[in-house]
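# Secondary and tertiary structure notes
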Amino acid sequence: MTGTRSIHNLALIGFMGTGKSSVGRMAADMLHFTFLDTDHVIEARAGKAVSDIFAQEGEPAFRQWERRIVEELTRRAKTVIATGGGLPADAANLASLKMHALVICLWASPETIWERVREHDHRPLLNEPDPLGRIRELLAEREPFYRQADVLVNSGMRSVREVAQHVVHQFHMARSVPR
Ligand code: S3P
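Think of each chain on its own: its residues are numbered from 1, step by step along the sequence as written. In view of the model being predicted, local features appear only for residues whose pLDDT reaches at least 70, and side-chain atom pairs are presented and counted only at 80 or more, with totals across whole chains, interfaces and linings using the full set of residues. Hydrogens and waters are ignored; side-chain quantities use all the structure's heavy atoms.

Our focus in this paragraph is the overall build of the chain. Helical segments are the DSSP runs of H or I of at least four residues, strand segments are the runs of E of at least two, and each set is numbered from the N terminus. Each helix and strand in the chain was counted, giving 8 helices and 5 strands. Helices and strands appear in the chain in the N-to-C order β-α-β-α-α-α-β-α-β-α-α-β-α. The size measure is the radius of gyration over C-alpha atoms, and the globule rule it meets is 2.2 Å times the number of residues to the 0.38 power. Over its C-alpha atoms the chain spans a radius of gyration of 16 Å, differing by no more than 12% from the 16 Å that the globule rule assigns to 179 residues. Summarising its shape, the C-alpha atoms of the chain cover approximately 50 × 35 × 30 Å along the three principal directions. A simple rule labels every residue: compare its accessible area, found with a 1.4 Å probe on the protein chains alone, to the largest value its type can have, and call it buried under 20%, exposed over 50%, or partly exposed in between. Per-residue burial for the chain yields a buried fraction of 47% across its 179 residues. Sequence separation of at least 24 residues holds for 76% of the intrachain contacts in the chain that already meet a minimum separation of 6. Contacts: residue pairs with any heavy atoms within 4.5 Å of one another.

On to the site of the ligand. Consider each residue's heavy atoms; a residue with any of them within 4 Å of a molecule or strand counts as near. Taken together, 14 residues sit near the ligand, with Lys20, Asp39, Arg63, Arg123 and Arg142 positioned nearest. Here an oxygen atom of the ligand and a side-chain polar atom of Asp39 are 2.8 Å apart. We get accessible surface area from the Shrake-Rupley algorithm with a probe of 1.4 Å; when it comes to residues, only the shown protein chains can shield them. When isolated, the ligand has an accessible area of 390 Å², and the protein chains bury 95% of it. Using a 2 Å cut-off from the grid points, one finds that the ligand occupies the largest pocket. At the level of secondary structure, the elements contributing two or more residues to the shell around the ligand comprise α3 (50-57) and α4 (59-73). Among the residues making up the shell around the ligand, the classes are represented as 6 nonpolar, 3 polar and 5 charged. Any N or O atom pair separated by 3.5 Å or less is treated as a polar contact, with the protein-specific requirement of one donor-capable and one acceptor-capable atom, and with residues adjacent in sequence counted only for side-chain atom pairs. Using protein atoms alone on a 1 Å grid, points that fit a 1.4 Å probe yet trap it form a cavity, whereas open point sets bounded by protein on both sides within 12 Å along at least five of seven lines form a pocket; residues with an atom within 4 Å of a point count as lining. Each molecule is assigned to a cavity or pocket provided more than half of its atoms lie within 2 Å of the corresponding grid points. All amino acids are sorted into three groups, where Ala, Val, Leu, Ile, Met, Phe, Trp, Tyr, Cys and Pro are nonpolar, Asp, Glu, Lys and Arg are charged, and the leftover types, Gly among them, are polar.

Below, the discussion takes up the packing of aromatic side chains. Ring geometry is summarised as follows: Phe, Tyr and Trp rings, the Trp one being its six-membered ring, pair when their centres sit within 6.5 Å, and such pairs are stacked at plane angles under 30 degrees, edge-to-face over 60 and tilted between the two. Applying the stated criterion across every chain yields a total of 3 aromatic pairs. Here Phe33 and Phe171 contribute two aromatic rings whose centre-to-centre distance is 5.6 Å and whose plane-to-plane angle is 85°, an arrangement assigned as edge-to-face. Of this pair, Phe33 sits in the loop between α1 (20-31) and β2 (34-37) while Phe171 is found in helix α8 (residues 160-176), placing the two residues 138 residues apart along the sequence. Consider the ring centre and the ring normal. A charge sits over the ring if Lys NZ or Arg CZ is within 6 Å of that centre and within 35 degrees of that normal. When the ring centre of Trp107 is taken as reference, the NZ or CZ atom of Arg147 above it lies at 5.9 Å.

Just to be clear on terms, a salt bridge is a Lys or Arg side-chain nitrogen sitting within 4 Å of an Asp or Glu carboxyl oxygen. For the structure on display, the rule yields 12 salt bridges. Across the pair Arg134 and Glu128 runs a salt bridge, and its minimum N-O distance is 3.4 Å. Given a relative accessible area of 21%, Arg134 falls into the partly exposed group. Among the ionic contacts, a cluster of salt bridges with common partners joins Glu59, Arg63 and Glu66.

Along the chain, Ala49 falls in the loop between α2 (38-46) and α3. Spatially, the C-alpha atoms of Ala49 and Gly19 are 20 Å apart, while their sequence positions differ by 30 residues.

Quick look at α4 now. Every α-helix winds through 3.6 residues per turn, so residues three or four apart in the chain are directed the same way. Along its 15 residues, α4 runs 21 Å from first to last C-alpha, staying within 8% of the 21 Å computed at 1.5 Å per residue. Within α4 the residues assigned to the buried category are Phe62, Arg63, Trp65, Glu66, Ile69, Val70 and Leu73. Across the axial projection of α4, the buried residues extend over an arc of 155°, all falling on one side. By this rule the span expected of a helix is its residue count minus one, scaled by 1.5 Å. Each direction from the helix axis to a C-beta atom contributes to the arc, which is the arc of those directions.

With their axes 7 Å apart at the nearest point, α3 and α4 run at an angle of 130° to one another. Taken together, α3 and α4 sit at an angle that is classed as oblique. Each of Val50, Ile53, Phe54 and Glu57 in α3 lies in contact with α4, whose residues at this interface are Glu59, Ala61, Phe62, Arg63 and Trp65. A per-class count over the contact of α3 with α4 returns 6 nonpolar, no polar and 3 charged. The angle between two axes is taken between their N-to-C directions and runs from 0 to 180 degrees, where each axis is a line fitted to C-alpha atoms and a helix contributes only its stretch in contact. Any angle that is under 35 degrees is reported as roughly parallel, and any over 145 degrees as roughly antiparallel; angles of 65 to 115 degrees are reported as roughly perpendicular and all others as oblique.

Okay, structure coming up:
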């Protein structure tokens, strides 16, 4: 990583279904920050749903969108950013987020994740015969990246409010010590 780190934003990373969007929205309210979800920004720009980008253009095209959005995030301040689950599994994306944001990873077990996402069909990576197996596989692949977050928070057994309060507390603490 090059340059000086200066924390203006809060970035939530973590697997699908760990609560990044719901926790992020509540944390943004508590901090009086803007909330931004990278998937929503991509959908607005591309004019189509994430699942359609995957189906029509393929995963590499979606990852290209993510890299473009990450670059734009460097110019933001006072924003809580919820990232897509695969976005930080790219060293350059993660390094870029860390330059301007405190990076907090929300964590949950594969079983909890599956319970939370099974009702939804908008996640193309889990539309397959053995979604729980796929969750385990992807989590194992991404764990080295997720572990590089500044803070890891288990969101499995806690309410959205509790996790949001914890995340906001961590953010205030991080800003009170020079990095
Ligand atoms: C993905 C997670 C999704 C979305 C896309 C790919 C991933 O976001 O970006 O379906 O690679 O884990 P959420 O984590 O918000 O579900």
